[in-house]
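# Notes for the structure review
So the chains spell out like this:
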Amino acid sequence: MDRLAQLQQFIGKEFDQSPSPFMKWLNPIVLSVEEGHLEFRYTVRPEWLNPIGNLHGGVTAAIVDDIIGATMFSLNENSFITTINNVIDYFSTAKENDNIVAETKIIKRGRQFVNAQCEIWNADKTRLIARGTSNLFKINN
């Protein structure tokens, strides 16, 4: 079974079979899976908060990096794809127990490099919380 099909098995479920221990800790619910496009839902937990009770920017950045990594998995490339950089813009906040939705897309898929984007929204996608972009590099195995 290809990697895209493996991801699609989890639509509507927790992604508890991720090869990433960190993703297992984040515990997303898979909402949508297409090649180069994922949508996951997360519930903001107390350990994800900063001292004033908002979703910590570092956790937001980690979600962006992790789901973009899973998006690379969906491409069924023969190469390992590693992050070169992440740029995150923060627009709003989320609180404990809020559901947030992270959605990815590929901006450019080249022979050696991929540029991808992730937007994190509130549950009904009426408020953008953050937008991140990543450049990634294909490493031949």
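Look up: the structure comes first, before these words.
Treat the numbers as computed from the prediction; the structure is a model and nothing was measured.

### Observations regarding the environment of Thr 133
With respect to the secondary-structure elements, Thr 133 resides in strand E6 (residues 128–139). On the accessibility criterion, Thr 133 (27% relative accessible area) is partly exposed. Separated by 28 residues in sequence, Thr 133 and Lys 105 have C-alpha atoms that sit 9.7 Å apart. The contacts of Thr 133, once residues within four sequence positions are left out, are Asn 85, Asn 86, Val 87, Ala 116 and Gln 117.

### Here we look at the pattern of salt bridges
Taken as a whole and assessed by the stated rule, the structure comprises 7 salt bridges. The partner of Arg 109 in a salt bridge is Glu 35, and the shortest N-O contact between them spans 2.9 Å. Here Arg 109 is found in strand E4 (residues 99–109), whereas its partner Glu 35 is found in the loop between strand E1 (29–34) and strand E2 (37–43), with 74 residues between them in sequence. With relative accessibility at 37%, the residue Arg 109 sits in the partly exposed group. A salt bridge links Glu 47 to Arg 45, with the shortest nitrogen-to-oxygen separation between them at 2.8 Å. Beyond isolated ion pairs, a larger network of salt bridges with shared partners links Glu 35, Glu 77, Arg 109 and Lys 138.

### Brief notes about the packing of aromatic side chains
Summed over all chains, the structure comprises 7 aromatic pairs. Chaining the aromatic ring pairs together yields one cluster made of Phe 10, Phe 15, Phe 22, Trp 25, Phe 40, Tyr 42 and Trp 48. The ring of Trp 25 carries Arg 45 above its face, with NZ or CZ at 4.7 Å from the centroid.

### Thoughts on the sheet that holds E6
Taken together, 6 strands build an open sheet; the order of strands is E1-E2-E4-E5-E6-E3 and the sheet is antiparallel. The sheet terminates laterally at E1 and strand E3 (80–90), the two strands that pair on one side only. Strand-to-strand twist across the sheet, computed as the mean angle between neighbouring axes with direction ignored, equals 20°. Of the pairings in the sheet, the one linking strand E5 (residues 113–122) to E6 comprises 9 bridges and is antiparallel in character. When the bridges of E6 are listed, Ala 116 appears paired with Ser 134. The strands touched by helix H3 (residues 57–73) within the sheet are E2, E3, E4, E5 and E6, with E5 carrying the most contacts at an inclination of about 130°.

Criteria and thresholds
- Residue positions are given per chain, counting from 1 as you read along its sequence in written order.
- It should be noted that, the model being predicted, local features are given only for residues of pLDDT at least 70 and side-chain atom pairs only at 80 or more, the latter also being counted only at that level, while totals for whole chains, interfaces and linings use all residues.
- Remark: hydrogens and water are excluded; side-chain values derive from all non-hydrogen atoms of the structure.
- Numbering of helices and strands runs from the N terminus, with a helix taken as a DSSP run of H or I at least four residues long and a strand as a DSSP run of E at least two residues long.
- Whether a residue is buried, partly exposed or exposed follows from its accessible area with a 1.4 Å probe, protein chains only, as a fraction of its type maximum: under 20%, in between, or over 50%, in that order.
- The contact criterion used throughout is that any non-hydrogen atoms of two residues lie within 4.5 Å.
- The term salt bridge refers to a side-chain nitrogen of Lys or Arg lying within 4 Å of a carboxyl oxygen of Asp or Glu.
- Between rings of Phe, Tyr and Trp, where Trp is taken as its six-membered ring, a pair exists when centres lie within 6.5 Å; planes separated by under 30 degrees are stacked, by over 60 edge-to-face, and by other angles tilted.
- Throughout this description, the term charge over a ring refers to an Arg CZ or Lys NZ atom that lies within 6 Å of the ring centre and within 35 degrees of the ring normal.
- For two strands to be treated as a pair, DSSP must find at least two bridges joining them.
- Lines fitted to the C-alpha atoms define the axes, with helices restricted to the stretch that makes contact. Angles between their N-to-C directions range from 0 to 180 degrees.

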